[in-house]
Amino acid sequence: QVQLVESGGGLVQAGGSLRLSCAASGRTFSNYAMAWFRQAPGKERAFVAGITKSGVSTYYADSVKGRFTISRDNAKNTLYLQMNSLKPEDTAVYYCAADPLNARIRSGTDDYDYWGQGTQVTVSS
């Protein structure tokens with residue numbers, strides 16, 4: 001299995017930027033499609049962005065398209081989420097997740113077998 005640890009969350013003003021990282025250890029990182037999800041208080045965990053094993057293809061939720069960029073460095077076993085033009089509605093705990101089975105990017109929580117502990121992102125207005 002793979003272990004995932006997120007970092008980079010924090011408090012930022014609306015319009016600001018943050019870069020999240022997800023460090024992977026254990027099994028070969030490049031064997032997993034990866035994704036970021038987020039969960040706001042009182043809401044279900046929701047898909048934010050996903051990336052294929054090689055990093056060639058990405059997919060975004062409509063709410064973050066054009067503002068967030070997902071990327072990965074397989075040599076460093078690390079997944080990233082660059083978040084620009086942040087809005088108060090982006091406030092949530094952000095989780096990275098690994099999918100060992102699917103070649104295509106999936107957006108359901110059930111498609112991902114491994115999860116990090118989450119990192120809090122708070123955007124003030």
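Okay, so let's go over this structure. Since this is a predicted model, take the numbers as computed values, not measurements.

Under the criterion given, the structure shown has three salt bridges. In this structure, Arg38 and Asp90 form a salt bridge, with 2.9 Å as the shortest nitrogen-oxygen distance. One end of the pair, Arg38, is in strand 4 (residues 33–39); the other, Asp90, is in the loop between strand 8 (78–83) and strand 9 (92–99), with 52 residues separating them in the sequence. Of the charged contacts, one joins Asp62 and Lys65 as a salt bridge, the two residues approaching to 3.1 Å between their closest N and O atoms.

To continue, consider the nonpolar core. The biggest cluster of nonpolar side chains holds 35 residues, and the ones touching the most others in it are Met34, Trp36, Leu79, Leu81, Met83 and Tyr94. Mapped onto this core, the elements with two or more residues apiece are strand 1 (2–7), strand 3 (18–26), strand 4, strand 5 (46–51), strand 7 (68–73), strand 8, strand 9 and strand 11 (119–124). With five residues, strand 9 is the single largest residue contributor to this core. Those residues in contact with Leu79 that lie beyond four places of it in its chain are Leu20, Ser21, Cys22, Phe29, Met34, Ala35, Trp36, Ile51, Ile70, Ser71, Arg72 and Cys96.

What follows is about the side chain of Asp99. In this structure, Asp99 sits in strand 9. Of the side chains bearing the opposite charge, Arg106 lies closest to the buried Asp99, which forms no salt bridge; the N-O distance is 5.3 Å. A polar contact is formed between the side chain of Asp99 and the side chain of Asn102, at a distance of 2.9 Å.

Here we have four strands laid out as an open sheet, ordered 1-3-8-7, and antiparallel in their pairing. Bordering the open sheet on either side are strand 1 and strand 7, each of which pairs with just one other strand. Each strand axis lies, on average, 15 degrees off the axis of its neighbour in the sheet, ignoring direction. For strand 1 and strand 3, the ladder comprises six bridges, and the chain directions are antiparallel. From the neighbouring strand, Glu6 faces strand 3, where its bridge partner is Cys22.

Within the structure shown, the criterion is met by seven aromatic pairs. Between the aromatic rings of Phe37 and Tyr112, the centroid separation amounts to 5.3 Å while the plane-to-plane angle is 75 degrees, which identifies the pairing as edge-to-face. Taken together, the residues span a long stretch of sequence, with Phe37 in strand 4 and Tyr112 in the loop between strand 9 and strand 10 (114–115) at a distance of 75 residues. Here the two residues Phe37 and Tyr112 agree in accessibility, since each one is buried. Consider the rings of Tyr112 and Trp115, whose centres lie 6.3 Å apart with planes at 65 degrees: the pair is edge-to-face. Judged by relative accessible area, which is 26%, Trp115 ranks as partly exposed. We note Arg45 situated over the ring of Tyr95; from NZ or CZ to the ring centre the distance is 3.6 Å. The aromatic ring of Trp115 is capped on one face by Arg45, whose charged end is 4.9 Å from the ring centroid.

Cut-offs used in this document
- Residues numbered from 1 in each chain as written.
- Predicted model: local features only at pLDDT ≥ 70, side-chain atom pairs only at ≥ 80, totals over all residues.
- Heavy atoms only, no water.
- Salt bridge = Lys/Arg side-chain N within 4 Å of Asp/Glu carboxyl O.
- Helix = DSSP H or I, 4+ residues; strand = E, 2+ residues; numbered from the N terminus.
- Core = buried A, V, L, I, M, F, W, Y, C linked by side-chain atoms within 4.5 Å.
- Buried < 20%, exposed > 50% of the residue type's maximum accessible area, 1.4 Å probe, protein only.
- Contact = heavy atoms within 4.5 Å.
- Lys, Arg positive; Asp, Glu negative; His and termini not counted.
- Polar contact = N/O pair within 3.5 Å; in protein donor to acceptor, adjacent residues only side chain to side chain.
- Pairing = 2+ DSSP bridges.
- Axes fitted to C-alpha atoms, helices over the stretch in contact; angles between N-to-C directions.
- Phe/Tyr/Trp six-rings, centres within 6.5 Å; stacked < 30°, edge-to-face > 60°.
- Lys NZ or Arg CZ within 6 Å of the ring centre and 35° of its normal.

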